[in-house]
Amino acid sequence: MAVLGSEKIVIHFLLICMAALSTVDSAARPLFHWRKLFALVEEEPLVLQYHNGSLLTTTPILNLHLIWYGNFTSAQRAIVADFVQSLGMESGKQGSPSVFTWWKTIEAYRGSAPSQINQGQPLIRRLGKQKLDEAHSLGKSLKRSDIAVLVKSAIQYGALPPPEKKKSNGEVELYLVLTSEDVMVENFCSSSCGFHGSDIADIEYAYAWVGNSATQCPGQCAWPFHQPIYGPQSPPLLPPNGDVGIDGVIINIAATIAGAVTNPFKSGYFQGDAAAPLEAVSACPGMYGSGAYPGYAGQLLVDETTGASYNAYGVNGRTFLLPAMWDPTSRSCKTLV
């Protein structure tokens, strides 16, 4: 009986210890503890299925037109313009990793029909026309449907070129609306940092939107350059272009236009529900460098002078931080570094 009593005491003690450990704030537990737990979880392989629809990756030339809605400084516009131009050309002396090589992964997203296959030709990306709407023509509180209105209006009044079914050189247009930090957009911050959609003007075309989160939700839409709103907390990184909001915008532009060209009409590459799909970049959340895990962006390059973190070189001496992209060739999330 004495032995049995001792065993009960030991078991009771162990139960108390386990209960105490379960009440410890997760933030107080060491990161290696969580890394071990994540390593023990066996995840299902991630596969983005092709749903036999049209793609913008199979055309030889993609023109990206910009609508600047609200107040952006000339320096902010220059950062974005340099990023867009970097998609279509090598960065020069700096070499790789580059924005250009990041975008090359997109060319692996090909359709199954002969007309959908880009016969090994490079997809040329070009900065198209730009329209300024500093007067906030639709106000400072927009619905998601207003983004399509802004694009259609710019096309109808000739500010931006219209989409055409058959251009002699195979060009296709993609329209991107950027809203400034003083503009609220429906579901911005609560569930979205950007989105893409489609509309019809003689033919169906794709458009996208990204907002500057600097004053509204940088912890949601500009991480890792700002402390996250929730989850594991780690010190924010210094942005490569010195602007938390705009460097966050670059990340979201990259994610949104990658989704727009690989799944422009909800029938391209995605996983899950077509209304809320995982796409080329959204399938790889929070990954920027090798070894990334929740709360840690991964191993990145660091500027020796400014201390800013980046993983891609661009034109005009720029550097950027770009998210991981799902690679159809390796069927895995691919980072630049």
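The present account deals with the structure reproduced in this document.

Counting buried positions over the nine residues of strand β5 (residues 171–179) gives nine, a clear majority of the element. Neither face of β5 is left uncovered, since the one carrying Glu171, Glu173, Tyr175, Val177 and Thr179 and the one carrying Val172, Leu174, Leu176 and Leu178 both have all their residues buried. In this sheet, β5 lies alongside strand β2 (residues 61–69) in parallel orientation, the contact comprising nine bridges. Its bridge partner being in β5, Leu66 is matched across the sheet by Leu176. Two elements, β5 and strand β8 (residues 203–211), share six bridges in a ladder whose sense is parallel. Bridge pairing in β8 places Leu176 opposite Ala208.

Attention shifts here to the state of the cysteines. Counted according to the given criterion, the structure contains three disulfides. The residue that forms a disulfide with Cys193 is Cys221, at a sulfur-sulfur distance of 2.0 Å. Judged by the sign of its S-S torsion, about -85 degrees, the bond between Cys193 and Cys221 is left-handed. With Cys193 in the loop between β6 (184–185) and β7 (194–201) and Cys221 in helix α6 (residues 218–221), this pair connects stretches of sequence that are 28 residues apart. Cys193 sits in the buried class, given a relative accessible area of 16%. Bridging Cys284 to Cys333, the disulfide has an S-S length of 2.0 Å. Its S-S torsion of approximately -90 degrees makes the covalent link between Cys284 and Cys333 left-handed. Of this pair, Cys284 sits in the loop between β9 (269–270) and β10 (301–302) while Cys333 sits in strand β15 (residues 332–334); the two residues are 49 residues apart in sequence, bridging distant segments of the chain. Judged by relative accessible area, which is 25%, Cys333 ranks as partly exposed. Along the protein, the cysteines engaged in disulfide bonds are linked according to the scheme 1-3, 2-4, 5-6 when indexed in sequence order.

This part covers the pattern of salt bridges. Summed over all chains, the structure comprises six salt bridges. Where Lys104 meets Glu107, a salt bridge forms, and the shortest distance between an N and an O atom there is 3.3 Å. Between Glu171 and Arg126 there is a salt bridge, and its shortest N-O distance comes to 3.0 Å. Separated by 45 residues along the polypeptide, Glu171 in strand β5 and Arg126 in strand β3 (residues 124–133) bring together distant segments of the chain. Owing to a relative accessible area of 17%, Glu171 belongs among the buried residues under this scheme. One connected set of salt bridges, linked through shared partners, spans Lys104, Glu107 and Arg125.

On to the packing of aromatic side chains. All chains considered together, the criterion is met by 12 aromatic pairs. Each ring, one from Phe195 and one from Trp209, has its centre 5.4 Å from the other, and the planes form 45 degrees; the classification is tilted. A residue pair is termed long-range when its members are at least 10 positions apart, and Phe195 in strand β7 and Trp209 in strand β8 qualify at 14 residues. Each member of the pair Phe195 and Trp209 is classed as buried. An aromatic cluster is built from Tyr50, Tyr109, Tyr269 and Trp326, whose rings are joined through pairwise contacts. Over the ring of Phe195 we find Arg144; its NZ or CZ atom is 4.0 Å from the centre of that ring.

Attention now moves to the sheet that holds β7. Sheet strands pair by backbone hydrogen bonding; their relative direction is either parallel or antiparallel. The five strands lie next to each other as β3-β2-β5-β8-β7, forming an open sheet whose pairing is mixed. Every interior strand has two partners, whereas the edge strands, β3 and β7, have only one. Neighbouring strand axes in the sheet, compared pairwise and without regard to direction, differ in orientation by 25 degrees on average. Against the sheet, helix α3 (residues 74–87) makes contact with β2, β3 and β5, and its axis sits at roughly 155 degrees relative to β3, the strand it touches most. Together, β2, β5, β7 and β8 form the strand contacts of helix α7 (residues 244–262), whose direction differs from that of β8 by roughly 160 degrees.

Calculation criteria
Numbers given for residues are sequential positions, taken from 1 along each chain in its written order. In keeping with the predicted nature of the model, local features appear solely for residues at pLDDT of at least 70, side-chain atom pairs appear and are counted solely at 80 or more, and the whole-chain, interface and lining totals rest on all residues. Side-chain numbers here rest on the full set of heavy atoms in the structure, without hydrogens or water. Buried, partly exposed and exposed residues are distinguished by accessible area as a fraction of the type maximum, computed with a 1.4 Å probe on protein chains only: under 20%, between the cut-offs, and over 50%, respectively. Secondary structure elements follow DSSP: runs of H or I of four or more residues count as helices, runs of E of two or more count as strands, with numbering from the N terminus. When DSSP locates at least two bridges between a pair of strands, those strands are taken to pair. The rule for a disulfide is simple: a pair of cysteine sulfur atoms within 2.5 Å. Between Lys or Arg on one side and Asp or Glu on the other, a salt bridge is scored when a side-chain nitrogen of the former is within 4 Å of a carboxyl oxygen of the latter. To pair, rings of Phe, Tyr and Trp, with the six-membered ring standing in for Trp, must have centres within 6.5 Å; the planes then decide the type, stacked if under 30 degrees apart, edge-to-face if over 60, and tilted in the middle. Only Lys NZ and Arg CZ are tested; either one counts as a charge over a ring when it is within 6 Å of the ring centre and within 35 degrees of the ring normal. Axis lines are fitted through C-alpha atoms, for helices just across the contact stretch, and the angle between N-to-C directions can take any value from 0 to 180 degrees. By definition in these notes, contact holds between two residues if any of their heavy atoms fall within 4.5 Å.

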